[in-house]
Amino acid sequence: MAATRTPVVFIHGLWLHATSWQPWAELFAARGYEPHTPGWPGEPDTVEQARAHPEAVAGIGIDDVAAHYTEIIRALDAPPVLVGHSFGGLFVQKLLAAGLAVAGVAIDPAQIKGVKPLPFAQLRSSFPVLGNPANRKRSVALTRDQFRYGFGNAIPADESDRLFDAWTIPSPGRPLFEAALANFSRNSPAAVDTANPTRGPLLIVSGGQDHTVPDVVTRATHKLYHGSPASTDLRQFPDRGHSLTLDSGWTEVADTALEWLTTRDVGPAQ
C-alpha cells in the first residue's frame, strides 16, 4: 500500500496574503508533502480582492483564526505539519499544543503570553495599529515605508517594494491588541500551553535583524518551553529580517525547516 503524503498547513501572519506561501507549497510538494495554504477567516482569494475589501477581515481576533484553522485541520486525512510566520507562528504553537499537528515550525512568531521583552523596534512596527485604539475593530493596511521598516529592513529597498506590491493586504488590528495585552489578561487568547509534554516537536526560527518580532522576543518565546520534555529547537538567521519567508533568501529558511522535519522523523510520508 502506498504511503500517505503528510499534509502541511501554511499559516501566514498580518499583512501578507495566503498566496505568499506558494513557493513554499511548491517546494514542499516536490519533497513529497501535501501542502495547504488556506487564508484567515473571511480573507478573499486574491491580493487584489483583499485590498478592495478590507472590511472582510475587520474585527477578527486570535480565537477566530485559531478556530478557523482547527476546522481546516480536522478535515484533513491525517494530522499535519504546521508552518507559520509571524502571527502564523503564534497559531502554530497554539494548534500544536492542542494536539492537532505532528510537528510545527514557528518563524518569527508573534509573542505569546509570558513573553516579556518589548523592544523599541517592535513598538515602532506595531504603532500603525496600536497607535489608534479604534483599530481594534478595523482592518489596517501598511504603507510602503511602514512595510520597509517592519519587514524589508534587511533587504534592498527595491526588493522590499516589490514584495510590498506583490503580497501585502489589509489585516485586522485586533490580534495585535490581544497579543500586546496578553500578560495583563488572565484568559488571553495569546496563551499557549508551553508545558504540554505530549505535543509534537517544535522548531522556532528567528531573524536577527527582525524589527517586527526581534530576536530577543523569539528567544524569550523559546525559553518558555524549557519546562517541557517535548522537543523544542531554535534556529537563528542573524542577518535576516521579518521578510525571511518571502524575500530572495526564502529557500534557506525553507530548507532548514525541511531538514529539521527529517531529523525529527516527520518525513513526507507516514
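All figures in this text were calculated on a predicted structure; none of them were measured in a lab.

Caption draft 1: Highlighting the pairing of strand 4 (residues 103-107). The element strand 4 is extensively covered by neighbouring structure, given that five of its five residues are classed as buried. Residues Ala-103, Val-105 and Ile-107 of strand 4 are buried on one face, and the alternating residues Gly-104 and Ala-106, pointing to the opposite face, are buried as well. Looking at chain direction, strand 3 (residues 81-85) and strand 4 are connected through five bridges and run parallel. Bridge pairing in strand 4 links Val-81 to Ala-103. Running through helix 4 (residues 87-97), the crossover from strand 3 to the neighbouring parallel element strand 4 is right-handed. As paired elements, strand 4 and strand 7 (residues 202-207) share four bridges and run parallel to each other. Bridge pairing links Val-105 to Leu-203 in strand 7.

Caption draft 2: Summary view of the nonpolar core. In this structure, Ile-11, Trp-40, Phe-87, Leu-90 and Phe-91 are the most contacted members of the largest nonpolar core, which totals 49 residues. Within the residue set of this core, elements represented by two or more residues are strand 1 (7-11), helix 3 (62-74), helix 4, helix 7 (157-167), helix 8 (174-180), strand 7 and helix 9 (215-223). Looking at this core, the element that brings in the most residues is helix 4, giving seven residues. Excluding anything up to four places from it in sequence, Ile-11 contacts Trp-21, Trp-40, Tyr-69, Val-83, Gly-84, His-85, Gly-88, Phe-91, Val-92 and Leu-95. In terms of nonpolar packing, the next biggest core, distinct from the first, is built from 25 residues, Trp-21, Ala-103, Val-105 and Trp-250 among them.

Caption draft 3: Quick peek at the packing of helix 3 against helix 4. Contact pair helix 3 / helix 4: the axes reach a minimum separation of 10 Å and the direction vectors enclose 60°. Here helix 3 lies oblique to helix 4, going by the angle between them. At the point where helix 3 passes helix 4, the crossing takes the right-handed sense. Facing Ile-62, Val-65, Ala-66, Tyr-69, Thr-70 and Ile-73 of helix 3, the residues of helix 4 in contact are Phe-87, Leu-90, Phe-91, Lys-94 and Leu-95. Along the lines of polarity and charge, the residues of the contact of helix 3 with helix 4 split into nine nonpolar, one polar and one charged.

Caption draft 4: Region of the structure containing unusual backbone geometry. Phi at Trp-15 is positive, roughly 75°, even though this residue is not glycine. With respect to the helices and strands, Trp-15 occurs in the loop between strand 1 and helix 1 (22-30). Phi angles above zero are rare outside glycine, and Asp-108 is one such case at about 45°. Note that Asp-108 resides in the loop between strand 4 and helix 5 (120-130).

Caption draft 5: Summary view of the sheet that holds strand 8 (residues 232-237). Across the sheet, six strands lie side by side as 2-1-3-4-7-8; this open sheet has parallel pairing. The two strands at the open ends of the sheet, each matched to only one other strand, are strand 2 (34-36) and strand 8. Across this sheet, the average inter-strand angle for adjacent strands is 15°, counted without regard to direction. In this sheet, strand 8 lies alongside strand 7 in parallel orientation, the contact comprising six bridges. Of the residues in strand 8, the one forming a bridge with Ile-204 is Leu-234. Taken strand by strand, helix 1 contacts strand 1, strand 2, strand 3 and strand 4, and its axis lies near 165° from that of strand 1.

Caption draft 6: Geometry of helix 7. Turning to helix 7, its buried residues are Glu-159, Ser-160, Leu-163 and Phe-164. For helix 7, the angular spread of the buried residues around the axis is 140°, confining them to a single face. Contact partners of the buried residues in helix 7: helix 2 (47-52) and helix 6 (144-150).

Caption draft 7: Structural view of the pattern of salt bridges. Taken as a whole and assessed by the stated rule, the structure comprises nine salt bridges. Salt-bridge contacts for Asp-165 lead to Arg-144; the nearest nitrogen and oxygen are separated by 3.1 Å. Of this pair, Asp-165 sits in helix 7 while Arg-144 sits in helix 6; the two residues are 21 residues apart in sequence, bridging distant segments of the chain. The exposure class assigned to Arg-144 is partly exposed, which follows from its relative accessible area of 35%. Here Arg-240 ties to Asp-247 by a salt bridge, and the two come within 2.6 Å at their closest N and O atoms. The structure contains a network of salt bridges with shared partners spanning Asp-64, Arg-174 and Glu-178.

Reading the values: the criteria
- Residues numbered from 1 in each chain as written.
- Predicted model: local features only at pLDDT ≥ 70, side-chain atom pairs only at ≥ 80, totals over all residues.
- Heavy atoms only, no water.
- Buried < 20%, exposed > 50% of the residue type's maximum accessible area, 1.4 Å probe, protein only.
- Helix = DSSP H or I, 4+ residues; strand = E, 2+ residues; numbered from the N terminus.
- Pairing = 2+ DSSP bridges.
- Right-handed = clockwise from strand over helix to strand, strands pointing away.
- Core = buried A, V, L, I, M, F, W, Y, C linked by side-chain atoms within 4.5 Å.
- Contact = heavy atoms within 4.5 Å.
- Axes fitted to C-alpha atoms, helices over the stretch in contact; angles between N-to-C directions.
- Parallel < 35°, antiparallel > 145°, perpendicular 65-115°, else oblique.
- Left-handed = near helix turned anticlockwise from the far one by under 90°.
- Nonpolar A, V, L, I, M, F, W, Y, C, P; charged D, E, K, R; others polar.
- Arc of directions from axis to C-beta.
- Salt bridge = Lys/Arg side-chain N within 4 Å of Asp/Glu carboxyl O.

By themselves, these observations are geometric and do not establish any function.
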